[in-house]
Amino acid sequence: MSITPVKNLLNDQLPSFIKQGYLFMSHQRRKAGVSAESHCPVTFPALGGTATLIRGEEAVDFFYDETKISRDGAMPAAIQGPLFGEGAVHTLDGEAHKVRKAKMAEMAYDDERVEAFKGFVEEEMKALIERWKTTPGNIYDDVAVAYGRAAFRWAGVPASDRELNKRATQMSHLLDTFGELKQNVLSWIDRKKLDAWAEELIEKVRSGELTVDPDSVVRHMADLRDEKGELVTAKLAGIELQNLTRPTVAVSRFAAFAAVAMVENPEWAAKVKKAVEDADGRLVNIPEAVAFAQETRRKYPFVPMLPGLVKEDSELSGCPIQKGQRVLLDVLGTNTSPQLWKNATSFDPQRFLDQPDYEAIKGFIPQGGGDVLSGHRCPGEKIAVAALSSTIAALSADNVTISEDAEDTTFSMTQLLTRPKTGVRVTVS
């Protein structure tokens with residue numbers, strides 16, 4: 001074995017990432033002597049080789065150029081497996097990705113389907129507000145179930161209320177075990193249970209044992225085909241059905257952060273409240289709530305980095321990047337870069353009221369960047385924003401009290417994935 005691989009292994013920075021969490025990226029830049037404002041790539045030993053940390057608009061262009069970057073094998077299996085599922089669209093490249101992504105976008109990105117989802121999530125949020133009147137709860141856990149129920153109903157999943165609640169809770173657990181090596185086995189258990197449930201559901205739809213709307217998401221996933229036109233396995237179809245519903249459950253983490261932002265920015269909470277009142281209590285399509293949701297997604301930590309593998313020797317910002325090297329797109333560092341955002345550390349939803357077309361903002365990548373239809377950007381982003389903004393609108397009401405205790409409004413930047421430990425407690429009078 002040559003000296004370089006041994007040196008890389010001894011200096012591997014993966015343990016530092018697990019320990020430092022969201023602070024890892026800035027720490028690596030400081031170690032390399034790169035300023036906090038700089039977008040210069042930084043290379044360090046990782047996973048037995050080398051990895052290059054990149055951020056900024058040029059980095060986004062580079063990362064989402066499929067002639068330069070491959071996704072297959074880029075993410076460690078211990079993370080990819082529980083989170084996305086084996087063979088999921090996130091791991092594909094080339095024609096296989098193009099065909100699968102087109103179908104996923106047809107389901108989640110289509111404006112009519114997004115509008116249909118808004119109706120379901122508004123109903124679920126109003127029902128949750130009513131439950132909180134008798135039983136105080138916490139935003140993270142309770143909203144996760146509300147989002148899951150809305151997503152399953154939108155997808156046309158035939159199931160009892162108890163089943164919907166159970167599956168939404170399991171999907172939420174997948175995120176709670178992320179980054180926790182001791183808890184990883186629990187995430188695999190939940191993944192196996194969810195895969196078995198979704199596979200059985202697809203099989204029953206295919207056999208006719210379950211009758212569903214022929215234009216429903218679940219029916220389309222049951223008919224999912226690969227780039228050769230062949231029907232995919234029931235297990236893979238079930239995994240992709242989850243990938244059209246589980247990300248909505250994950251938005252509950254942003255919902256907890258949005259509640260913190262409402263406590264810390266009462267003037268903006270008041271603007272949302274007035275807008276909701278002017279809309280006769282409607283919870284969806286409220287521009288102020290949407291802008292608040294977007295700023296929450298920009299400023300608060302969720303996905304720390306996204307991985308890719310370099311297909312050929314390349315160059316970024318004058319720095320060479322070698323074929324086979326892992327690149328890590330710094331999501332939080334791009335979303336909060338002072339080069340890209342005026343007063344980047346300030347919470348200011350006005351920036352999204354002034355620019356409502358968030359996809360046109362290259363440096364805004366809370367759920368990935370690039371083009372939805374031709375690239376790897378998440379097709380469910382519209383649904384995520386609809387879910388989050390409906391919650392912000394609901395929480396703005398006079399009869400809703402969000403806890404202002406420090407344990408509700410603080411969170412650790414070294415914990416992956418982070419959130420306030422209490423989930424942010426809430427009561428409704």
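From a predicted model like this one, the values you see are computed outputs, not experimental measurements. (Residues numbered from 1 in each chain as written. Predicted model: local features only at pLDDT ≥ 70, side-chain atom pairs only at ≥ 80, totals over all residues. Heavy atoms only, no water.)

Chemist: Just to check I follow, could you spell out the packing of aromatic side chains for this structure?
Modeler: Any two aromatic rings considered together are summarised by their centre-to-centre distance and by the angle between their planes. Applying the stated criterion to the full structure yields 15 aromatic pairs. One aromatic cluster is present, built from ring pairs that chain together Phe 257, Phe 292, Tyr 300, Phe 347 and Phe 411. Geometry around Phe 63 places Arg 71 over its ring, the cationic atom sitting 4.7 Å from the centre. Here the guanidinium or amino end of Lys 299 rests over the ring plane of Tyr 300, the centre of that ring lying 5.3 Å away. (Phe/Tyr/Trp six-rings, centres within 6.5 Å; stacked < 30°, edge-to-face > 60°. Lys NZ or Arg CZ within 6 Å of the ring centre and 35° of its normal.)

Chemist: Could you clarify how one ought to interpret the pairing of strand β2 (residues 49-54) in this entry?
Modeler: For a regular strand, the rule is simple: side chains alternate between the two faces of the sheet. As paired strands, strand β1 (residues 42-46) and β2 are joined by 5 bridges and run antiparallel to one another. Residue pairing across strands places Val 42 opposite Leu 53, the latter belonging to β2. Connecting β1 to the antiparallel partner β2 that follows it, the hairpin turn spans 2 residues, and Leu 47 within it adopts a positive phi of roughly 50°. As judged from the 4 bridges shared by β2 and strand β8 (residues 326-330), these two strands associate in the parallel manner. Its bridge partner being in β8, Ile 54 is matched across the sheet by Leu 329. (Pairing = 2+ DSSP bridges. Helix = DSSP H or I, 4+ residues; strand = E, 2+ residues; numbered from the N terminus.)

Chemist: Teacher, can you tell me more about the sheet that holds strand β9 (residues 400-402) here?
Modeler: One key point about sheets: their strands pair by backbone hydrogen bonds, in either a parallel or an antiparallel sense. Pairing is antiparallel across the open sheet formed by 3 strands, whose spatial order is β4-β10-β9. Of all strands in the sheet, those with a lone pairing partner are β4 (137-138) and β9, marking the two edges. One ladder, built from 2 bridges, connects β4 with strand β10 (residues 425-428); its direction is antiparallel. The residue of β10 that forms the bridge with Gly 137 is Val 426.

Chemist: When you look at the confidence of the model for the protein chain in this model, what are you seeing that I'm missing?
Modeler: Do not read the fine detail of predicted coordinates wherever pLDDT is low. Of the residues in the protein chain, 95% have a pLDDT of 70 or more, and the chain-wide mean is 92. When the criterion is pLDDT under 50, residues 1-6 qualifies, and its contacts beyond four places in sequence or with other chains add up to 1 contact. (pLDDT = per-residue confidence, 0-100. Contact = heavy atoms within 4.5 Å.)

Chemist: Mind showing me how you'd approach the side chain of Arg 71 here?
Modeler: Along the chain, Arg 71 falls in the loop between β3 (69-70) and α5 (77-84). For the buried Arg 71, no salt bridge is present, and the opposite-charge side chain at shortest range is Asp 93, 4.8 Å distant. Those residues in contact with Arg 71 that sit more than four places away from it in its chain are Phe 63, Tyr 64, His 90, Thr 91, Leu 92, Asp 93, Pro 307 and His 376. (Buried < 20%, exposed > 50% of the residue type's maximum accessible area, 1.4 Å probe, protein only. Lys, Arg positive; Asp, Glu negative; His and termini not counted. Salt bridge = Lys/Arg side-chain N within 4 Å of Asp/Glu carboxyl O.)

Chemist: I'm lost on the environment of Ala 384 in this one. Help?
Modeler: In this structure, Ala 384 sits in helix α19 (residues 381-395). Exposure remark for Ala 384: the relative accessible area of 4% places this residue in the buried category. In this structure, the C-alpha to C-alpha distance between Ala 384 and Lys 126, residues 258 residues apart in sequence, is 17 Å. Apart from residues lying up to four places away in sequence, Ala 384 is in contact with Val 251 and Gln 367.

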